[in-house]
Amino acid sequence: MERKDRMLGAAAVAAALLLMFLMDVCSAARGYVPADGAGWNVRICADGEVWGIWPLDQDREVGVRTEDGWNKVCIRDGSVYMEEADCPDGYCVRQGHIQSGLDTIVCLPHKLVVEIVDRGDGQQEEGADVIAR
Amino acid sequence: MSLQDKTVRKVAYCAMLAAVAMIFSYVEVLIPIDLGIPGAKLGIANLVTVVGLYFLEPGEVLLIAAARIFLSGFMFGSGMSLVYSLAGGAASLAAMVLCKKIKGLSVIGVSMAGGIFHNAGQLVAAILVVKDLRLSFYGPVLLLFGTLTGVLIGIASKKVLLVVRVEGQKITENRWI
Ligand SMILES: [Zn+2]
């Protein structure tokens, strides 16, 4: 590896670490999510449109069926995870639990994004065609 | 060697490299490197693009990469995966062609730039597809990962380039890699 290669590598790593640090600062500025999720919401967006919003501190399962496919989102004990999906890659299920204010679960094939948002970001429950147990 | 012979050789090289790239793509489908990050993969097939850049014209490398992406997209891909592969492949190739012109940047640095821009292209495509800017939060992780895979592919490419002979002559005899 030549000197310029090392410089490029170092610059890339430094930029990544700096961005990670800035994201942490951003996240802290928005306030930390308590362990039980009180005061925060789970927002599911499909194809760029809000599909529904639910409180993070209430356990439930949400089935999302779009023309792209089927996903089952679970809210439990102040965290969210994708329990099942019929997408070809299955990345969304393997992404596991999220519980911080900047985390997202993405199902790229289904154009689905699950995110944790401040309760101020949306109060109303507007989930259509939703299975909530 | 006549012009016709040269053309035949070029076509043969391109077809051979495209075939090797297809096999690498298939290997990657068989053994997916799962990091839980959408779109992150090792990109073993990119090795062919990196190696090709050092003894073919950029246009020929573009042809090989395009053939590989379309063929493997139709054969092993699903849904939108072709779009991500195209975005990643185009960004990566453009970055590598430009970086190769920088004096003092070896094949490892060129491949590093390719890895970084491959992930950047895929991320931008993903943001456009799901229409959610929040995906940019995957940027730093993908940047780190792209750098790492770029270095690995670069080291492998260097090993290949050191032994490969084109028309009986070692590539490294008349150019710096
Ligand atoms: Zn999925």
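The following refers to the structure shown. (Residues numbered from 1 in each chain as written. Chains lettered and ligands numbered in written order. Predicted model: local features only at pLDDT ≥ 70, side-chain atom pairs only at ≥ 80, totals over all residues. Heavy atoms only, no water.)

**Structural notes on the overall build of chain A**
The following threshold applies: For the purposes of this entry, the term helix denotes a DSSP run of H or I that reaches at least four residues, the term strand denotes a run of E that reaches at least two, and both are numbered from the N terminus. The buried label applies to any residue whose accessible area, calculated with a 1.4 Å probe on protein chains only, is under 20% of its type's maximum; exposed applies above 50%, and partly exposed to all values in between. A contact between two residues is defined here by any heavy atoms of the two lying within 4.5 Å. Values of accessible area rely on a 1.4 Å probe in the Shrake-Rupley scheme; residue burial ignores everything except the protein chains shown. Under the counting rule used here, the positive set is Lys and Arg, the negative set is Asp and Glu, and His together with the chain ends is not counted. For this purpose, a charge sits on NZ of Lys, CZ of Arg, CG of Asp or CD of Glu.
The helix and strand inventory of chain A stands at two helices and eight strands. Mapped from its N terminus to its C terminus, chain A presents α and β elements in the order α-β-β-β-β-β-α-β-β-β. With the C-alpha coordinates aligned to their principal axes, the bounding extent of chain A is approximately 60 × 35 × 25 Å. Relative to its 133 residues, chain A shows a buried fraction of 45%. Sequence-distant contacts, at least 24 apart, represent 44% of the contacts inside chain A between residues at least 6 apart. For chain A, the computed accessible surface area is about 6,600 Å², with 53% contributed by carbon and sulfur atoms. Positive and negative side-chain charges in chain A, numbering 13 and 23 respectively, have mean positions lying 6 Å apart.

**Things to note about the coordination of the zinc ion**
This is how the line gets drawn: Only N, O and S atoms count as donors, using a 2.8 Å cut-off from the metal and 3.2 Å for Na, K and Ca, and because water is excluded some sites may appear unfinished.
At this site the zinc ion is bound by Cys87(A) (SG), Cys92(A) (SG) and Cys107(A) (SG), with donor distances of 2.2 Å. All donors to the zinc ion come from one chain, and their sequence spacing reads C-x4-C-x14-C.

**What to know about helix H3 (residues 58-76) of chain B**
Cut-off, in case you're wondering: Each helix should span, by expectation, one fewer than its residue count multiplied by 1.5 Å.
Relative to the 27 Å expected for 19 residues at 1.5 Å per residue, H3(B) spans 26 Å between its end C-alpha atoms, a close match to the ideal helical length. Among the residues of H3(B), those classed as buried are Glu60(B), Val61(B), Ile64(B), Ala65(B), Arg68(B), Ile69(B), Ser72(B) and Gly73(B).

**Describing the sheet that holds strand E1 (residues 40-46) of chain A**
All names here are of chain A. This is how the line gets drawn: Here the rule is simple: two strands pair whenever DSSP picks up at least two bridges between them. Helix axes use the C-alpha atoms of the stretch in contact, all axes being lines fitted to C-alpha atoms, and the angles between their N-to-C directions lie in the range 0 to 180 degrees.
The four strands lie next to each other as E2-E1-E7-E6, forming an open sheet whose pairing is antiparallel. Single-partner strands in this sheet number two, and they are strand E2 (49-55) and strand E6 (104-107). Sheet twist, expressed as the average angle between the axes of neighbouring strands with direction ignored, equals 20 degrees. In the sheet, E6 pairs with strand E7 (residues 112-118) via four bridges, with the strands oriented antiparallel. In the strand pairing of E7, Ile105 is matched with Val114.

**Topic: the interface of chain B and chain A**
Selection rule: Note on definitions: buried area is the accessible-area loss of two parts on being combined, 1.4 Å probe, summed for both. For this analysis, a salt bridge means a side-chain nitrogen from Lys or Arg found within 4 Å of a carboxyl oxygen belonging to Asp or Glu. Polar contact criterion, stated in full: a pair of N or O atoms within 3.5 Å, where within protein one must be able to donate a hydrogen and the other to accept it, and residues adjacent in sequence count only if both atoms are side-chain atoms.
Tallying the contact residues gives 35 residues for chain B and 32 residues for chain A. Across the interface of chain B and chain A, roughly 2,900 Å² is buried in total on both sides, 68% from carbon and sulfur atoms. One can count two salt bridges joining chain B with chain A. The residue Lys131(B) makes a salt bridge to Asp47(A) at a minimum N-O spacing of 2.5 Å. Where chain B touches chain A, the interface holds ten residue pairs in polar contact (both at pLDDT 80 or more). Secondary structure elements with two or more residues in the side of chain B that touches chain A: helix H5 (107-130) and helix H6 (139-163) of chain B.

**A few points about the pairing of strand E5 (residues 79-85) of chain A**
All names here are of chain A. Of the strand pairs in this sheet, strand E4 (residues 69-76) and E5 are connected by six bridges, and their pairing is antiparallel. Each bridged residue has a counterpart across the sheet, and for Ile75 the counterpart in E5 is Val80. Once E4 ends, the chain turns through two residues before running back antiparallel as E5, passing Asp77 with a positive phi of about 50 degrees.

**Quick notes on the nonpolar core**
Residue and element names in this part refer to chain B. Selection rule: Each nonpolar core is a collection of buried residues, namely Ala, Val, Leu, Ile, Met, Phe, Trp, Tyr and Cys, held together in the definition by side-chain atoms within 4.5 Å.
Tyr54, Phe55, Leu56, Ile64, Val107 and Leu161 are the most contacted members of the largest nonpolar core, which totals 30 residues. For this core, the elements supplying multiple residues, two or more each, are helix H1 (3-30), helix H2 (46-53), H3, helix H4 (81-100), H5 and H6. If we ignore the near neighbours within four places in the chain, the residues touching Leu56 are Lys10, Tyr13, Cys14, Leu17, Val61 and Ile64.

**Some remarks on the pattern of salt bridges**
Opposite charge on two side chains allows them to pair when their charged atoms are near. Here the structure, examined in full by the defined rule, presents ten salt bridges over all chains. For Glu115(A), the salt bridge goes to Arg134(B), with nearest N and O atoms at 3.4 Å. Separated into two different chains, Glu115(A) in strand E7 and Arg134(B) in the loop between H5 and H6 make up a pair that spans both. By relative accessible area, which is 11% here, Arg134(B) ends up buried. Counted as one network, the salt bridges with shared partners bring together Glu61(A), Lys72(A), Arg76(A), Glu83(A) and Glu84(A).

**What to know about the environment of Lys10(B)**
Residue and element names in this part refer to chain B. Its location among the elements puts Lys10 in helix H1. Note: C-alpha distance between Lys10 and Val124 (114 residues apart in sequence) is 34 Å. The residues contacting Lys10, other than those within four sequence positions of it, are Phe55, Leu56, Glu57 and Glu60.

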